[in-house]
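Examining the three-dimensional arrangement
Here's the letter readout for the chains.
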Amino acid sequence: MLRGKGRRISFFDEMTSQEGGTRSPYRDYCGWFEAEDVARIQRKAQQAEALFRTTGITFNVYGASDADERLIPFDVVPRIISASEWRRLSRGIEQRVRALNAFLHDIYHRQEILRAGRVPTELIAGNEAFLPMMMGLDPPGGIYTHISGTDIVRTGANEFYVLEDNARTPSGVSYMLENRETMLQMFPELFAKVPVREVSDYPINLLKSLAACAPPACGGTPTVAVLTPGIHNSAYYEHSFLADHMGAELVEGHDLRVVDGRVAMRTTQGYKAIDVIYRRVDDDFLDPLNFRPDSMLGVPGIWDVYRAGGITIANAPGTGIADDKALYSYMPDIIEFYTGEKALLPNVPTWRCSEPEHLREVLDRLPELVVKEVHGSGGYGMLVGPAASKKELAAFRAKLEANPGNYIAQPTLSLSTVPIFTKKGLAPRHVDLRPFVLMSPQGITITPGGLTRVAMTKGSLVVNSSQGGGTKDTWVLED
Amino acid sequence: MLGKTAGSLFWMARYLERSENNARLIDAGFRIALTRSSTAAAEWKSVLVTAGVNQAFQAAHGDYSSARVIDFLLRDPANPSSILSVIKQARDNARTARTALTRETWEAVNTSWMTLVALLKRPVREDDLPDVLTTIRQQSAQVRGALNGTMLRNDGYHFALLGTFLERADNTARILDVKYYLLLPSVAHIGTSIDNVQWETILRSVSAHRAYRWLYGAEISALKIAEFLILYRQMPRSLTFCSERMENHLNELQRLYGEEIEARRMAHALVHEKLDAPIQSIFDGGLHQYVTGFLRDTAALARQVERDYRFVE
């Protein structure tokens, strides 16, 4: 039980049960921890930070000039998920990603779901991420969401919710991998005591999955490249990490041009065709000839090559509509529509402020709700009612009234906690989870675990790294 | 390999070499400034000219006080050749070429950058200067060690080494270009203490004063110094040594790619025509002209490498 703002709020702690005992997934770990010297762990935690700095796993925060490169805080206490919990989660995630891909295919083809009236047409037509140019186009292998991240929160022993879907360009997978690498270096003996499932095959799975989506024009072994906006992008570390671990070239727009109907990269020996491009550049910037003319990040003419089956773009252009938070509220219907099954993982109840009754209720209950922009990400532009001042609430109320369609609201969830290591010992902090999902015609691969983000500040519910959140290694136990 | 990546490796290595060379130049200048204050300003000016930043310094500061020159050379963000600017450029290039570097090499570059940024946060006191310069050279050595010890001998390695030797040749030639008059027979008052100190400074700025002693004994002469710095094949900073290494790395690249390239032909000509001459004939033809010609040739070679291997579009 934690005290927050004078009220007693009960949170589900993943390590310690309500009765005070250690929950079973954490038993082996806690056994090890209790026998450990706290000073030694303290030292290791400092080493970890030095390790991250040397490796250069840094993060640029937009608009913060003095904090040019920052480290995301890393906590040495792992977040542990049992084999049976994971089975349940991964089934739900797989169902959801399958439905999303089917939905995207439908939206860019016959739009059955709109005709059936299960999703309002305005939601698609008015969606900035909707790309009319994708209509009728068949991406190689029928895959739109090659890589996705499904954000999951937990509120109780058996209560998991999907908080949002990230199909545009989900980031964080390099942290998942580096966190494990760091834990293995710091506490090798732990991994002999606790049977933890591997995550290190993610880059190889990513390569296989991308190669399996090679376009018709590809002859022989597909050439895969990662497209980055460059070294000043906040996720550049991840781009170079993934390219390096896949053995793929890391390209920027100015390395590429269209040669003989293919997208080709300028090598020391001339231009060489690329078959699959894992782009970490938004749709708008992909092709200055067909999208934003001022974009320096893309490749003039890539769109025409794409249309003609000369290249696979992952994720497919136009996939970003799936990240829309207003659309999110329809996900249970979407899943049912395409799979014929009920959603295995529930959504968080969501008020769509575009609807007058919903808006009225949201305004009435603002101090207890979380309000998000429908196209927002990274924790920017959101209101956490219980943590907001009167002034902030009033300001947000005005924004809501001015442009209700831009917002959705959700109850403030009592996110589960997992302890972090502090100078004074273990202290519970709120967490969420982003598992990473790969999809190809050969199937769906979900790396066991994912990225656990943790709010490092006591009582805070905001886990985004841009807002001071940290990360933890995530363990899925073997059966 | 991407042309951009090859270019980034080449420039990463050039900047790392430049940081080390500039540390040497500062060291040599500082020694003169300490021991012979009357000639300090002239010496600092020649250091700035050698580093190619005298005009920038003049525009910003004017007079050559030791403290100002040292700060300009070590820390000034407005000076593109300051140690801080150069190490940042080296790291940016390493980040761009990250996928072509081993983890050890990348971490050595990144650690250098972190160490130097911390070390040069505030102006360096004269007492601390020798330590700071030592650290700069040590950081450079660590990167070189990681590169040598862990990198595959593939195209990327050859591009990096090509950059190293091109920068080094350029640096030694610039020192000769600025100091050539000290080596001319007409002004060489053999045996006077003034010249001995000046000559030692030249040797010191390529960290070769001891090597020279071992090789030539106590006899310091302009001709021998020039021979040592230009033609001596065992001296790792001589024009001949650096040029032979460049030719060698270009040969390897040509073999790897199976493609005849112009840059290799130019390097070959540098080694087998330009540098294949006795020192006396170089003096007879005019030392200054010779060195200027060498600088022109290496600059042309650098541009040709950039074209041949498609560093930019």
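Residues numbered from 1 in each chain as written. Chains lettered and ligands numbered in written order. Predicted model: local features only at pLDDT ≥ 70, side-chain atom pairs only at ≥ 80, totals over all residues.

Structural notes on the overall build of chain B
- When helices and strands are counted, chain B shows 15 helices and zero strands.
- In terms of overall size, chain B behaves like a compact globule, its C-alpha atoms giving a radius of gyration of 19 Å where 313 residues would be expected to give roughly 20 Å.
- A burial count over chain B gives 49% of its 313 residues as buried. (Helix = DSSP H or I, 4+ residues; strand = E, 2+ residues; numbered from the N terminus. Rg over C-alpha atoms; globule rule 2.2 N^0.38 Å. Buried ≥ 20, exposed ≤ 12 C-beta atoms within 10 Å, placed from the backbone.)

Section: the sheet that holds strand β15 (residues 351–352) of chain A
Residues and elements named next belong to chain A.
- Taking strand neighbours across the sheet as the criterion, the four strands line up as β15-β18-β16-β17 in an open arrangement whose pairing is antiparallel. Each of the sheet's edge strands pairs with one partner strand only, and the pair in question is β15 and β17 (383–384).
- Of the pairings in the sheet, the one linking strand β16 (residues 369–373) to strand β18 (residues 407–411) comprises five bridges and is antiparallel in character. The residue bridging Val-370 from the neighbouring strand is Gln-410, located in β18. (Pairing = 2+ DSSP bridges.)

Re the packing of helix α8 (residues 155–183) of chain B against helix α11 (residues 222–230) of chain B
Residues and elements named next belong to chain B.
- The interhelical angle for the contact between α8 and α11, taken along N-to-C directions, is 170°, at an axis separation of 11 Å. Taken as axis vectors, α8 and α11 run roughly antiparallel relative to one another. Residues Thr-172, Leu-176 and Leu-183 of α8 form the contact with α11, whose own contacting residues are Ala-222, Ile-225, Ala-226 and Leu-229.
- Of the residues contributing to the contact of α8 with α11, the split by class is six nonpolar, one polar and no charged. (Axes fitted to C-alpha atoms, helices over the stretch in contact; angles between N-to-C directions. Parallel < 35°, antiparallel > 145°, perpendicular 65-115°, else oblique. Contact = placed C-beta atoms within 7 Å. Nonpolar A, V, L, I, M, F, W, Y, C, P; charged D, E, K, R; others polar.)

A closer look at the sheet that holds strand β11 (residues 262–267) of chain A
Residue and element names in this part refer to chain A.
- Taken in spatial order, the three strands line up as β10-β11-β12 in an open sheet, and their pairing is antiparallel. Each end of this open sheet is capped by a strand with a single partner; those strands are β10 (256–259) and β12 (270–273). For this sheet, the mean inter-axis angle between neighbouring strands, taken without regard to orientation, is 45°.
- Here four bridges tie β11 to β12, and the two strands are oriented antiparallel to one another. Each residue of the ladder has a partner; that of Ala-264, found in β12, is Ala-273.

Considerations on the interface of chain A and chain B
- Tallying the contact residues gives 18 residues for chain A and 20 residues for chain B.
- Of all the secondary structure elements, the ones that give two or more residues to the side of chain A that touches chain B are α2 (38–55), α9 (236–246), β9 (249–251) and β11 of chain A.
- For the side of chain A that touches chain B, the class distribution of residues is five nonpolar, eight polar and five charged.

Thoughts on helix α12 (residues 239–257) of chain B
Residue and element names in this part refer to chain B.
- Taking 1.5 Å as the rise per residue, α12 with 19 residues should run 27 Å; its terminal C-alpha atoms sit 27 Å apart, in good agreement.
- Among all positions of α12, only Leu-239, Thr-240, Phe-241, Cys-242, Ser-243, Arg-245, Met-246, Glu-247, His-249, Leu-250 and Leu-253 are buried.
- For α12, the elements touching its buried residues are α8, α11, α13 (262–274) and α15 (287–308).
- Positive backbone phi, at 60°, marks Gly-258, one or two positions downstream of α12. (Expected span 1.5 Å × (residues − 1).)

Let's talk about the environment of Asp324(A)
- Looking at the secondary structure, you find Asp324(A) in the loop between β14 (312–314) and α12 (325–328).
- For the pair Asp324(A) and Glu164(A), spaced 160 residues apart in the sequence, the C-alpha separation amounts to 8.8 Å.

Remarks on the nonpolar core
- Core analysis: the largest hydrophobic core is formed by 215 residues, its most contacted members being Val263(A), Ile277(A) and Met12(B).
- With 15 residues, the single largest contributor to this core is helix α1 (residues 3–35) of chain B.
- Filtering out sequence-adjacent residues up to four positions away, Ile277(A) remains in contact with Ala225(A), Leu227(A), Val263(A), Ile311(A), Ile313(A) and Ala314(A). (Core = buried A, V, L, I, M, F, W, Y, C linked by C-beta atoms within 7 Å.)

Some thoughts on unusual backbone geometry
Residue and element names in this part refer to chain A.
- The amide bond that connects Ala-314 to the next residue, Asn-315, takes the cis arrangement and shows omega of -10°.
- Note that Asn-315 resides in the loop between β14 and α12.
- One non-glycine residue, Gln-111, lies in positive phi territory at about 55°.
- Considering the arrangement of structural elements, one finds Gln-111 in the loop between α3 (83–107) and α4 (112–115).

A short note on the pairing of strand β7 (residues 159–166) of chain A
Residue and element names in this part refer to chain A.
- Judged by how many residues are buried, β7 sits mostly within the fold: six of eight residues are covered.
- Where strand β6 (residues 147–156) meets β7, seven bridges bridge the pair, whose relative direction is antiparallel. Along β7, the bridge assignment pairs Gly-149 with Asn-166.
- Here β6 folds back onto β7, and the loop between the two strands holds two residues.

Note that every value here comes from positions in space, so none of it alone points to a role or purpose.
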